[in-house]
Amino acid sequence: MSVVTTSSATGTASAPARRDAEATKAAILRAARHLLARHAHADITLKAVADRAGVSPPLILKYFGNKDTLFSQVMSFETDAAALLDAPLADLGRHMVRHVLVSQTEQGADPLLRIVFAPLHGEQGDILRANFRTQVSDRLAARLSGPDAGLRAELAVGTLLGLGVMFGIARGTHVRATDLDDIVERYAPAVQAQLTL
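Residues numbered from 1 in each chain as written. Predicted model: local features only at pLDDT ≥ 70, side-chain atom pairs only at ≥ 80, totals over all residues. Heavy atoms only, no water.

1. What about the pattern of salt bridges?
A side chain with one charge can pair with a side chain of the opposite charge if their charged atoms come near. Threshold: A carboxyl oxygen of Asp or Glu within 4 Å of a side-chain nitrogen of Lys or Arg is what we treat as a salt bridge. Strands here are runs of E lasting at least two residues and helices are runs of H or I lasting at least four, both read from the DSSP assignment and numbered beginning at the N terminus. Under the scheme applied here, a residue whose accessible area is under 20% of the maximum for its type counts as buried, over 50% as exposed, and between as partly exposed, the area being computed with a 1.4 Å probe on protein chains only.
Evaluation of the coordinates by the stated rule reveals 10 salt bridges. In this structure, the salt-bridge partner of R33 is D80, at a minimum N-O distance of 3.0 Å. Of this pair, R33 sits in helix α1 (residues 21–36) while D80 sits in helix α5 (residues 78–84), placing them 47 residues apart in sequence. Here D80 falls in the buried class, since its relative accessible area comes to 12%.

Below you can see the structure in the form of structure tokens.
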């Protein structure tokens, strides 16, 4: 037996609303990242992720298969690093600072900040650290010329993490009350100084 819904205003039949698969997957990943930044991996249940994402646990299983597959994507920085580093080297510091701030203010998720919580996650934290090194720091270092590229990349990323912590975790009142463009103007030169000699 099929179910047809009718619009009360027009009396016409309409199909039930369909879920946008990509938007749903993104919501699940955001929820898992949020929880991973606040709880040990072992303590996070699929039900908790589902509740935060506004979906059912079976839907998570449909899209990701199991908790390990879901969290392997959450622990990857590949997509975040691609967006973070998507600018010419001469303007990369400004782009990176803006990207961190826009990600937090408009998308509710910092592209890097989950690395801060690696100590909470035991063996999973080791995976998070390894992914962070290869997908973020080493990838940035490969773009730099001149001496100490690895060190300079880590210092630039560390500077971004400091901004992310102050904005997103410490919730600094002055930083959060300041216009985003003003923060970019003040902070980007410190990041850029490590990127170009």
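From this point on, the discussion continues.
2. Re the packing of aromatic side chains
The condition is simple: Any two rings among Phe, Tyr and Trp, with Trp reduced to its six-membered ring, count as a pair given centres within 6.5 Å; such a pair is stacked if its planes are under 30 degrees apart, edge-to-face if over 60, and tilted if neither. Either the NZ atom of lysine or the CZ atom of arginine qualifies as a charge over a ring when it sits within 6 Å of the ring centre and within 35 degrees of the ring normal.
This model, assessed by the stated rule, comprises one aromatic pair. Between R114 and the ring centre of F77, over which it is positioned, the NZ or CZ distance is 4.1 Å. Cation over ring: R176 sits above F167, and NZ or CZ is 4.6 Å from the ring centre.

3. A closer look at helix α8 (residues 149–169)
Put simply, the rule is: One less than the residue count of a helix, multiplied by 1.5 Å, gives the span that helix is expected to have. By definition in these notes, contact holds between two residues if any of their heavy atoms fall within 4.5 Å.
Taking 1.5 Å of rise per residue, the 21 residues of α8 would be expected to cover 30 Å, and the 29 Å separating its terminal C-alpha atoms lies within 8% of that figure. Listing the buried residues of α8 in full gives A149, R152, A153, A156, V157, L160, L161, L163, G164 and F167. Taken together, the buried residues of α8 touch α5, α6 (92–106), α7 (122–143), α9 (173–177) and α10 (180–195). The positive-phi residue at the C-terminal boundary of α8 is R171, with phi of around 55°.

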